[in-house]
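Breakdown of the fold
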Amino acid sequence: SLRFMNEHNWSIKALMKEIVMSGTYRQSSESTPEMYQIDPDNELYARGPRIRLGAEQIRDQALAVSGLLSDKMYGPGVMPPQPDGVWQTVYNGADWVESKGEDRYRRGVYTYLKRTSPYPSFLTFDAGSREVCMIRRTVTNTPLQALVTLNDPVYLEASYQLAKNTRISNDVDKSIANSYEKATFKKITPSTLNALKELYQVSLNEFTENGEASELFLHFEKQPTPELGALTIVANAIMNLDEFLTKA
């Protein structure tokens, strides 16, 4: 408290930076039986916190690892992609006009919010509708969240870009390993690689047998290939892993 007043001059941003860079906060969330016996409720901060990322953080992280996230600051709210038919205004007839260019990939804090029709993916990941004040967000775990990260246009485009940026020609193993390490900052294990390679092969067969499937799935790519489509499926699966969605 004294440092917050005297050294940080009441700057919450400086205080938050000091907290997240501290040795205590950066500890692993893994515990041992001995550690649990001594400090079961972690009152002594023997281990780091393990929490699912917030709604805006999940979207920002997906855009960041794919290389799409804009670092532009300030300005009016933007309207990133969202499913059709969600945003409706009864009184003034306003429409959700999807932002173009860099504004499409700005951080979640700049997303235009309307109380009676909040941004759907944020709402699914426990963000408030802003109709009432919230002291703390409730963290839930529902099937709807998986449907968002598997099907929302923002996450599909981010998965495609991640797959495209980490792809190594004629080396599926390396391509998958690159995507995994880029998303989780960890080396891929043999068992995880085998599981993702199996997903890749199933997806590749589907896209190869059905030429239109690649075009429909990668509608933002001029010349989609079955290989890139399959790698996008794998990248999307990686973005749905617990390692990607949880801060450990």
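To start, this report covers the structure provided alongside it. (Residues numbered from 1 in each chain as written. Predicted model: local features only at pLDDT ≥ 70, side-chain atom pairs only at ≥ 80, totals over all residues. Heavy atoms only, no water.)

Thoughts on the packing of helix H7 (residues 153-166) against helix H8 (residues 172-184)
Basically, it comes down to this: Every axis corresponds to a line fitted to the C-alpha atoms, with the helix fit spanning only the stretch in contact, and the corresponding angles, defined between N-to-C directions, vary from 0 to 180 degrees. Working definition: helices are DSSP H or I runs of at least four residues, strands are E runs of at least two. Numbering for both runs from the N terminus. Our angle categories are set so that under 35 degrees counts as roughly parallel, over 145 as roughly antiparallel, 65 to 115 as roughly perpendicular, and the remainder as oblique. Take the far helix as the reference: if the near one is turned anticlockwise from it by less than a right angle, the crossing is left-handed, and if turned clockwise, right-handed. Contacts: residue pairs with any heavy atoms within 4.5 Å of one another. Three classes are used: nonpolar for Ala, Val, Leu, Ile, Met, Phe, Trp, Tyr, Cys and Pro, charged for Asp, Glu, Lys and Arg, and polar for all others, with Gly counted as polar.
It is at 8 Å that the axes of H7 and H8 come closest, and there the two elements cross at 120°. With respect to H8, the element H7 is oriented oblique. Relative to H8, H7 is oriented so that their crossing is right-handed. Contact residues: Leu162, Ala163 and Thr166 in H7; Ser175, Asn178, Ser179, Lys182 and Ala183 in H8. For the contact of H7 with H8, the class distribution of residues is 3 nonpolar, 4 polar and 1 charged.

Section: the side chain of serine 159
Tracing the backbone shows serine 159 in helix H7. Ignoring any residue separated from it by four or fewer positions in sequence, one finds serine 159 in contact with Thr232, Ala235, Asn236 and Met239.

A few points about a nonpolar patch on the surface
Which entries qualify depends on this criterion: To count toward a patch, a residue needs a relative accessible area over 30% and no salt bridge; like charges are then connected within 9 Å, while nonpolar side chains (Val, Leu, Ile, Met, Phe, Trp, Tyr) are connected within 5 Å. Note on areas: these come from Shrake-Rupley sampling with a 1.4 Å probe, and a residue is covered only by the protein chains present in the view. In the sections that follow, a salt bridge refers to a side-chain nitrogen of Lys or Arg positioned within 4 Å of a carboxyl oxygen of Asp or Glu.
A grouping of Ile12, Met16, Ile19, Val20 and Met21 is seen on the molecular surface, where their side chains present a nonpolar patch of about 460 Å² in accessible area. Here methionine 21 is to be found in the loop between helix H2 (12-20) and helix H3 (33-38).

Some points on H7
Put simply, the test is: Helix span, expected: 1.5 Å multiplied by one less than the number of residues in the helix. Whether a residue is buried, partly exposed or exposed follows from its accessible area with a 1.4 Å probe, protein chains only, as a fraction of its type maximum: under 20%, in between, or over 50%, in that order. Here a polar contact is taken to be a pair of N or O atoms separated by no more than 3.5 Å, where protein atoms must pair a possible hydrogen donor with a possible acceptor and residues adjacent in sequence count only if both atoms sit in side chains.
With 14 residues, H7 extends 20 Å between its outermost C-alpha atoms, agreeing within 8% with the 20 Å of an ideal straight helix rising 1.5 Å per residue. Among the residues of H7, Val154, Tyr155, Leu156, Glu157, Ala158, Ser159, Tyr160, Gln161, Leu162, Ala163 and Thr166 are the ones counted as buried. Buried positions along H7 lie against helix H4 (55-66), helix H6 (143-151), H8, helix H10 (211-217) and helix H11 (226-238). Structurally, the start of H7 carries an N-cap: the backbone nitrogen of valine 154 is 2.9 Å from a side-chain oxygen of aspartate 152.

Digging into H6
Structural remark: α-helix, 3.6 residues per turn; residues separated by three or four positions point the same way. Put simply, the rule is: For this quantity, the arc is that covered by the directions from the helix axis to the C-beta atoms.
Among the residues of H6, Gln145, Val148 and Thr149 are the ones counted as buried. Across the axial projection of H6, the buried residues extend over an arc of 85°, all falling on one side. Along H6, exposed side chains directed more than 90 degrees from the buried face belong to Pro143 and Leu144. Those residues of H6 that are buried lie in contact with strand E1 (51-52), helix H5 (120-124), H7 and H11.

Some details on the nonpolar core
Our working definition: The term nonpolar core refers to a set of buried residues drawn from Ala, Val, Leu, Ile, Met, Phe, Trp, Tyr and Cys, joined through side-chain atoms within 4.5 Å.
Ile176, Ile188, Tyr200, Met239 and Phe244 are the most contacted members of the largest nonpolar core, which has 45 residues in total. Of all the elements in the fold, those that place two or more residues in this core are H4, H7, H8, helix H9 (190-209), H10, H11 and helix H12 (242-245). Here the element with the most residues in this core is H7; it accounts for 7 residues. The contacts of methionine 239, once residues within four sequence positions are left out, are Ala62, Val65, Tyr155, Ala158, Ser159, Leu162, Phe244 and Leu245.

Some words on the packing of H6 against H7
Taken N-terminus to C-terminus, the directions of H6 and H7 make an angle of 50°; their axes are 5 Å apart at the nearest point. Comparing the axis directions of H6 and H7 gives the class oblique. The residues of H7 that touch H6, namely those facing Val148, Thr149, Leu150 and Asn151, are Pro153, Tyr155 and Leu156. Its residues assigned to classes, the contact of H6 with H7 shows 5 nonpolar, 2 polar and no charged.

Some words on unusual backbone geometry
A positive phi angle, near 65°, is found at tryptophan 10, a position not held by glycine. Within the secondary structure layout, tryptophan 10 lies in the loop between helix H1 (2-6) and H2. Taking the relative accessible area as the measure of exposure, tryptophan 10 reaches 53% and is therefore exposed. Look at aspartate 126: it is not a glycine, yet its phi comes out positive at around 75°. Residue position: aspartate 126 is located in the loop between H5 and H6.

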